[in-house]
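These are the residues of each chain, in order.
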Amino acid sequence: MTEAHLPPTGSIKVVKPKKAAKLVERVARDTEDPSVATERLLIVLDIDGTLILEDESLSPGVVEAVEHARRAGHEVMIATGRSWEGTRGIMRVLGLSPEYVVCSNGAVVLKRVDGDEVRYERDHIETFDPAEVLTLLREHLPDARYLVELPDGQRLYTEYLEDWNLVHARRVGFDELGAQPVCRIVVVAPEQGPQDFLDLVERIGLNQVSYAVGWTAWLDIAPHGVDKSTGLEIVRTELGIDPAHVLVIGDGRNDVGMFRWALENGGRAVAMEQGPQEVRDAAGETTTSVQAGGVAAVLRQL
């Protein structure tokens, strides 16, 4: 049974509109009052297509809604496919400094280091040998652009791509990409669509790694058995949060693992309206699109 954490149902009483408005105001105040006991949730937010739009602008109302959830006593954190370099700026804009951050689709878990300024250190890292996978992919995608993330956070790439955040990244020859263990491989091939990538992965059999296909010409490869859910389980355990007290929100195929993780443990999984049908099917609920402020709509209801 997963209903044990839910509050008991009460009686219904019809009141006049003016009194009803006062009751709503009181509930809202109590929700944000630290002296009033509330069920603490671990709220996990994806970034791209969930918190921000394609042009990197923020989803409407999301900053205020995140602050509302934090004031209510919930732990709000990020789980993204992005590297830490591509994540820290978004957290700064949101005013977020959670104890943990999950990056690189679960391969990297960072922990906040307390001090005079907020900073994070790499607390848990998963790696794999990329050489065989890279060789196999290049045979079928010779014109693609490749990037790898090393255990220390450094990123190596073959060709410049405008969509990539390449701060502190280094351009190298293809052979150097596979010279040491990595946390992930990113492959971008503009001539390939999502279905093309899915067909290719099935055809060449990438069984020794985990992978996620983006909306466009994007393939993200992680160590075998690693996705956002594996990183989040580490965080949930460290924070001591009940598995049923988890809410995850995302929009992409790389969010399906954390949706499944949340639902199997009695938590909530919410997909953005604009996400692929298979992603919405995997979630327990669907909110409005990122353009319409879907995350804010969910968080304001807490």
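Residues numbered from 1 in each chain as written. Predicted model: local features only at pLDDT ≥ 70, side-chain atom pairs only at ≥ 80, totals over all residues. Heavy atoms only, no water.

As a further point, take the sheet that holds strand S7 (residues 155-157). What the six strands build is an open sheet, ordered S8-S7-S6-S9-S11-S10; its pairing is mixed. The sheet is open, and its two edges are formed by strand S8 (169-171) and strand S10 (209-213), each paired on a single side. Here the strands of the sheet are splayed against their neighbours by 20° on average, with no regard to which way each runs. With three bridges joining them, strand S6 (residues 145-149) and S7 adopt antiparallel strand pairing. (Pairing = 2+ DSSP bridges. Helix = DSSP H or I, 4+ residues; strand = E, 2+ residues; numbered from the N terminus. Axes fitted to C-alpha atoms, helices over the stretch in contact; angles between N-to-C directions.)

The next thing to look at is the sheet that holds strand S3 (residues 100-103). Taking strand neighbours across the sheet as the criterion, the three strands line up as S3-S4-S5 in an open arrangement whose pairing is antiparallel. Looking at the sheet topology across the chains shown, the edges are occupied by S3 and strand S5 (119-125). The mean inter-strand angle of the sheet, taken between neighbouring strand axes irrespective of direction, is 30°. As paired strands, S3 and strand S4 (residues 108-113) are joined by four bridges and run antiparallel to one another. In the sheet register, Cys103 faces S4, and the bridge partner there is Val108. On top of the sheet, helix H7 (residues 228-239) reaches S3, S4 and S5; it is set at about 170° to S3, its chief contact. (Contact = heavy atoms within 4.5 Å.)

So, on to the packing of helix H4 (residues 131-140) against helix H6 (residues 194-204). The contact between H4 and H6 brings their axes to 11 Å, and the two run at 120°. Compared by their axis directions, H4 and H6 come out oblique. Taken as a pair, H4 and H6 cross one another with a handedness that is right-handed. Contacts between H4 and H6 involve Leu136, Leu137 and His140 on the former and, on the latter, Leu200, Arg203 and Ile204. The class makeup of the residues in the contact of H4 with H6 is four nonpolar, one polar and one charged. (Parallel < 35°, antiparallel > 145°, perpendicular 65-115°, else oblique. Left-handed = near helix turned anticlockwise from the far one by under 90°. Nonpolar A, V, L, I, M, F, W, Y, C, P; charged D, E, K, R; others polar.)

A word on the packing of H7 against helix H8 (residues 256-264). Where H7 meets H8, the closest approach of the two axes is 7 Å, and the angle between their N-to-C directions is 45°. Here H8 runs oblique to H7, going by the angle between their axes. From H7, Lys228, Ser229, Leu232, Glu233 and Arg236 reach across to H8, where they touch Gly257, Met258 and Trp261. Split into classes, the residues belonging to the contact of H7 with H8 amount to three nonpolar, two polar and three charged.

Glancing now at the nonpolar core. Nonpolar side chains in soluble globular proteins tend to be buried together. Within the largest apolar cluster, 34 residues are counted, with the highest numbers of intra-cluster contacts made by Leu45, Leu51, Ile78 and Ile249. The contacts of Ile78, once residues within four sequence positions are left out, are Leu45, Ile47, Leu51, Thr87, Met91, Leu94, Leu96, Val101 and Val102. (Core = buried A, V, L, I, M, F, W, Y, C linked by side-chain atoms within 4.5 Å. Buried < 20%, exposed > 50% of the residue type's maximum accessible area, 1.4 Å probe, protein only.)

This next bit is on unusual backbone geometry. Here the phi dihedral of Ser104 falls at roughly 55°; this positive angle occurs in a residue that is not glycine. Residue placement: Ser104 occurs in the loop between S3 and S4.

What follows covers the pairing of strand S11 (residues 218-223). Among the six residues that make up S11, five are buried, leaving the element largely enclosed by the rest of the structure. Bridge count between strand S9 (residues 184-188) and S11: four bridges; the pairing is antiparallel. Following the sheet pairing, Val187 is matched in S11 by Leu219. By the bridge criterion, five bridges tie S10 to S11 in an arrangement that is antiparallel. Paired with Ala212 across the bridge in S11 is Asp220.

For the structure shown, the criterion picks out 16 salt bridges. One salt bridge in this structure joins Asp255 and Lys228, with 2.5 Å as the shortest N-O distance. Of this pair, Asp255 sits in the loop between strand S12 (246-250) and H8 while Lys228 sits in helix H7; the two residues are 27 residues apart in sequence, bridging distant segments of the chain. Just as Asp255 is buried, Lys228 falls in that class too. What emerges from the salt-bridge pattern is a single network uniting Arg122, Glu149, Arg184 and Asp220. (Salt bridge = Lys/Arg side-chain N within 4 Å of Asp/Glu carboxyl O.)

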